[in-house]
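# Commentary on secondary and tertiary structure
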Amino acid sequence: MALKMAYETWGEGPHPLLLLHGFTGNRSSFDHLRPLLKDKVRVISVDLPGHGQTPLPTRTGRDGFLETIEALFGVMDEVGVAKTNLLGYSQGARFALAAALTRPERFGRLIMESGSPGLHRRQHRTERRVSDAQLAAMIRQKGVPAFVAYWESLPLFAGVRKLPAEQQESVRVRRLECTVDGLVGALECLGLAAQPDYWPELQRQRLPTLLLTGALDEKFTQIARRMAEDLPVVWRRTFEDCTHAPHLEVPEEYAREVLSFLQTPWYEAPEFESSTPDKSAAGGHG
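Residues numbered from 1 in each chain as written. Predicted model: local features only at pLDDT ≥ 70, side-chain atom pairs only at ≥ 80, totals over all residues. Heavy atoms only, no water.

## A word on the overall build of the protein chain
This is how it is decided: Numbering of helices and strands runs from the N terminus; a helix is a DSSP stretch of H or I covering at least four residues, while a strand is a stretch of E covering at least two. As a reference, a globule follows 2.2 Å times the number of residues to the power 0.38, and the radius of gyration itself is taken over C-alpha atoms. Partly exposed residues are those whose accessible area sits between 20% and 50% of the maximum for their type, while under 20% is buried and over 50% is exposed, using a 1.4 Å probe and protein chains only. By definition, residues are in contact when any of their heavy atoms lie within 4.5 Å. Only the protein chains shown count as covering a residue, and every accessible area follows the Shrake-Rupley method with a 1.4 Å probe.
A count of helices and strands for the protein chain gives 10 helices and 7 strands. Computed over its C-alpha atoms, the radius of gyration of the protein chain comes to 18 Å, within 12% of the 19 Å expected for a compact globule of 286 residues. For the protein chain, the residues scored as buried account for 57% of the 286 residues in total. Taking as baseline every contact in the protein chain between residues at least 6 positions apart, the subset at least 24 positions apart corresponds to 80%. A total accessible area of about 12,900 Å² is found for the protein chain, and carbon and sulfur atoms account for 50% of it.

Encoded structure:
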């Protein structure tokens with residue numbers, strides 16, 4: 001039986017937008033952006049496998065990753081959307097890129113926040129498989145609350161720890177809704193070790209693409225710079241004083257950047273040459 005994803009729709013604007021959340025999130029992860037986006041976009045927000053109300057894929061490892069991509073197209077078909085824009089955060093950004101490469105005709109523009117095309121070297125893939133297995137063992141042994149406390153303490157989320165207490169609690173409650181089996185299964189099926197290496201595919205990804213990172217998240221900002229060298233049609237925006245989750249840390253600025261990107265007219269992507277410059281210095285697109 002094919003994997004079916006839980007989802008919801010919102011917004012009344014002219015721009016369709018498929019939202020893909022990060023690890024420990026769910027389809028409500030972008031709800032704080034609704035007041036800023038709802039008049040400009042028509043959103044489909046999904047629960048990725050092992051999160052929210054979506055079960056794990058029927059297959060494991062790489063096959064489970066690919067099954068998840070196909071399930072995204074199933075959601076689009078069910079909603080009746082032939083073509084949409086894509087926005088993914090972290091884990092969701094990896095799936096957004098994978099979907100865009102799998103069926104580019106189904107998408108208009110791609111936004112990746114703190115994402116990666118995968119692991120290029122076999123050694124790095126092996127190391128990640130080991131670290132994910134260790135994290136999965138910790139989740140099984142200590143449970144979700146202990147894992148969430150550990151997860152929130154990572155330097156990656158230092159910016160989130162600076163948010164007002166009410167906002168931090170909202171994020172924490174969402175994370176605590178995860179289950180042991182869901183998180184462990186997501187690591188095994190959706191993690192970087194299971195994901196195909198998409199670095200060699202970037203040059204054929206001709207959708208207009210926006211790469212968003214936090215300046216204090218040096219690892220993913222460097223990944224975005226490397227991606228921008230290979231993507232034919234690319235813009236970058238680095239948010240000052242942010243870590244891994246600009247959509248939480250600077251929501252107003254983030255929403256303006258997303259809308260600017262979606263609303264900017266340009267030529268069809270195939271007309272751009274592969275030497276299209278990285279627009280990383282400027283904040284806008286118009």
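Next comes the rest of the write-up.
## Re the sheet that holds strand β4 (residues 84-89)
Heads up, the rule is: Two strands form a pair only when DSSP identifies at least two bridges running between them. Between N-to-C directions, angles span 0 to 180 degrees; the directions come from axes that are lines fitted to C-alpha atoms, helices contributing only their stretch in contact.
Judged by pairing direction, the sheet is mixed, and its 7 strands sit side by side in the order β1-β3-β2-β4-β5-β6-β7 without closing on themselves. With partners counted over all chains shown, the strands left at the sheet margins are β1 (7-10) and β7 (234-239), one partner each. In this sheet, adjacent strand axes meet at a mean angle of 20° when their direction is disregarded. Bridge count between strand β6 (residues 209-214) and β7: 6 bridges; the pairing is parallel.

## Side note on the side chain of Arg-237
Put simply, the rule reads: Contacts described as polar in this section are N or O atom pairs within 3.5 Å, which, within protein, must combine one atom able to donate a hydrogen with one able to accept it, while residues neighboring in sequence count only if both atoms come from side chains.
On the secondary structure map, Arg-237 appears in strand β7. We classify Arg-237 as buried; its relative accessible area is 15%. A polar contact is formed between the side chain of Arg-237 and the side chain of Glu-257, at a distance of 2.8 Å.

## Remarks on the layout of surface pockets
Rules: Two kinds of site are reported from a 1 Å grid over the protein atoms alone, namely cavities, where a 1.4 Å probe fits but cannot get out, and pockets, open sets with protein on both sides within 12 Å along at least five of seven lines, and residues are called lining when an atom falls within 4 Å of a point. Grid points are joined across faces, edges and corners, and a volume is the space filled by probe spheres set on the points. Residues are grouped as follows: Ala, Val, Leu, Ile, Met, Phe, Trp, Tyr, Cys and Pro are nonpolar; Asp, Glu, Lys and Arg are charged; all remaining types, including Gly, are polar.
There is about 750 Å³ of room inside the largest pocket. Taken together, 36 residues make up the lining of the largest pocket; nearest its centre are Phe-23, Ser-90, Arg-128, Trp-151 and Leu-156. Mapped by element, the contributors of at least two residues to the lining of the largest pocket are α3 (91-102), α4 (122-142), α5 (144-152), α6 (165-176), α7 (180-190), α8 (218-230) and α9 (246-249). The element contributing the most residues to the lining of the largest pocket is α4, with 4 residues. Split by residue class, the lining of the largest pocket holds 17 nonpolar, 13 polar and 6 charged.

## Let's talk about α6
We apply this condition: A helix is expected to span 1.5 Å multiplied by its residue count minus one. Taking the helix axis as origin, the arc is that swept by the directions to the C-beta atoms.
Relative to the 16 Å expected for 12 residues at 1.5 Å per residue, α6 spans 16 Å between its end C-alpha atoms, a close match to the ideal helical length. Among the residues of α6, those classed as buried are Gln-168, Val-171, Arg-174 and Arg-175. Within α6, the buried residues cover an arc of 125° as seen down the axis, which keeps them to one side. Summarising the geometry of α6, the exposed residues directed more than 90 degrees from the buried face are Ala-165 and Glu-166. In the core, the buried residues of α6 are packed alongside α5 and α9.

## Here we look at α8
A turn of α-helix holds 3.6 residues, and therefore any two residues three or four places apart point the same way. Taking 1.5 Å per residue as the helical rise, α8 with its 13 residues ought to reach 18 Å, and the 19 Å between its terminal C-alpha atoms agrees with that figure. When α8 is considered as a whole, its buried residues turn out to be Phe-220, Thr-221, Ile-223, Ala-224, Met-227 and Ala-228. For α8, the angular spread of the buried residues around the axis is 155°, confining them to a single face. In α8, the exposed positions that point more than 90 degrees away from the buried face belong to Glu-218, Lys-219 and Glu-229.

## Things to note about empty space enclosed by the protein
Tallied over the entire structure, the rule returns 1 cavity of 30 Å³ or more. Considered as a void within the structure, the largest cavity measures approximately 40 Å³ in volume. Contributing elements (two or more residues each) for the lining of the largest cavity: β6 and α8. Class assignment for the residues of the lining of the largest cavity results in 6 nonpolar, 3 polar and no charged.

## Brief notes about the side chain of Arg-109
Mapped onto the elements, Arg-109 comes out in strand β5 (residues 107-113). Residue classification places Arg-109 among the buried residues on the basis of a relative accessible area of 14%. Only 2.7 Å separates the side chain of Arg-109 from the backbone oxygen of Phe-261, close enough to count as a polar contact. Within the structure, Arg-109 has its side chain in polar contact with the backbone oxygen of Leu-262 (distance 3.0 Å).

## Let's talk about the nonpolar core
The cut-off we apply is this: Nonpolar core, defined: a set of buried Ala, Val, Leu, Ile, Met, Phe, Trp, Tyr and Cys residues in which side-chain atoms within 4.5 Å join the residues together.
Counting residues in each nonpolar core, the largest one holds 86 residues, and the members touching the most others are Leu-20, Val-46 and Leu-86. For this core, the element with the highest residue contribution is α3, accounting for 8 residues. The contact partners of Leu-86, leaving out residues within four places of it in the chain, are Leu-17, Leu-18, Leu-20, Ala-96, Ala-99, Ala-100, Phe-107, Arg-109, Leu-110 and Ile-111.

Geometric descriptors of this kind do not, in isolation, establish any biological role.
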